[in-house]
Amino acid sequence: MVLYASNNFKVGLKILFEQQPCSIESVEFVKPGKGQVFSRVKLRKLLTGQLIEKTFRATDTLLRANVVDITLMYIYSDQKIWYFMNRSTFDQIGIDQNIMQDKYKWLVEQNDYVITLWNDRPISVLVSNFVNLQVISEVSSFSLDTVMSNNRKKLSKLSTGHIIQVPLFIKIGDVVKVDTRTGNYISRVNK
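Let me sum up the structure you'll find in this document. (Residues numbered from 1 in each chain as written. Predicted model: local features only at pLDDT ≥ 70, side-chain atom pairs only at ≥ 80, totals over all residues. Heavy atoms only, no water.)

### What about the sheet that holds strand β16 (residues 184-189)?
Argument step 1. Spatial ordering of the open sheet is given by β14-β13-β12-β15-β16, a layout of five strands whose pairing is antiparallel. The sheet terminates laterally at β14 (163-167) and β16, the two strands that pair on one side only. This sheet shows a mean twist of 55 degrees between the axes of neighbouring strands, independent of strand direction.
Argument step 2. Looking at chain direction, strand β12 (residues 130-138) and strand β13 (residues 153-158) are connected through three bridges and run antiparallel. Along β13, the bridge assignment pairs Val135 with Leu158. (Pairing = 2+ DSSP bridges. Helix = DSSP H or I, 4+ residues; strand = E, 2+ residues; numbered from the N terminus. Axes fitted to C-alpha atoms, helices over the stretch in contact; angles between N-to-C directions.)

See the structure below:
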């Protein structure tokens, strides 16, 4: 059981706050003219993703959270559970929909992903901000008109099964760069 004093807080530290694992996003140490030194801390709850701000006195302590990041290879899904494997031990971990949320749209078989474990239980999957995926089919042959006529788009299905809007010049077999945070097309990737 490791305790951290508030004057030892630093960005990236994983601690237990209100019985939940949290990651410290920012720390500001304040020395007022009168009174005790205190710390303004932004914490991200790892289970919910909620960002909270909290002030700690110099005498406050928090427990270290048993949080570990491991790199695992995505192998397959049965649409309810997504399975990842450790490349060296061949151990498998199944992650359900509550933890995956909508990140499954960007998983590519045989690629490595960072899985965060709390007390040996998976609590999150880290997907990179951008991913390159192949267009496997066109869902619509008509174009989606926007305000500007030169910004016409169509719907295309990617190799992961997700459907996005792409420009009309994108063909089946092209590889496109997609922003996983918004689900938007970014650019065509040169082969």
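### A closer look at the environment of His162
Argument step 1. If you trace the backbone, His162 turns up in the loop between β13 and β14.
Argument step 2. Exposure remark for His162: the relative accessible area of 17% places this residue in the buried category.
Argument step 3. Each C-alpha atom of the pair His162 and Asp102 lies 10 Å from the other, and the pair is 60 residues apart in sequence.
Argument step 4. Leave out the neighbours within four places in its chain, and His162 touches Lys105, Trp106, Ser156 and Lys157. (Buried < 20%, exposed > 50% of the residue type's maximum accessible area, 1.4 Å probe, protein only. Contact = heavy atoms within 4.5 Å.)

### Comments concerning the pattern of salt bridges
Argument step 1. A complete count under the given rule lists eight salt bridges for this structure.
Argument step 2. Arg188 is the partner of Asp174 in a salt bridge, and the nearest nitrogen-oxygen pair spans 3.6 Å. Of this pair, Asp174 sits in the loop between β14 and β15 (175-179) while Arg188 sits in strand β16, and the two are 14 residues apart along the sequence. (Salt bridge = Lys/Arg side-chain N within 4 Å of Asp/Glu carboxyl O.)

### Thoughts on the sheet that holds strand β4 (residues 38-45)
Argument step 1. Spatial strand order, β2-β3-β4-β5: four strands in an open sheet with antiparallel pairing. The sheet is open, and its two borders are formed by β2 (14-17) and β5 (51-57), each paired with just one other strand. Put simply, the sheet's adjacent strands are angled 45 degrees from each other on average, direction ignored.
Argument step 2. Looking at chain direction, β4 and β5 are connected through seven bridges and run antiparallel. The residue bridging Lys42 from the neighbouring strand is Glu53, located in β5.

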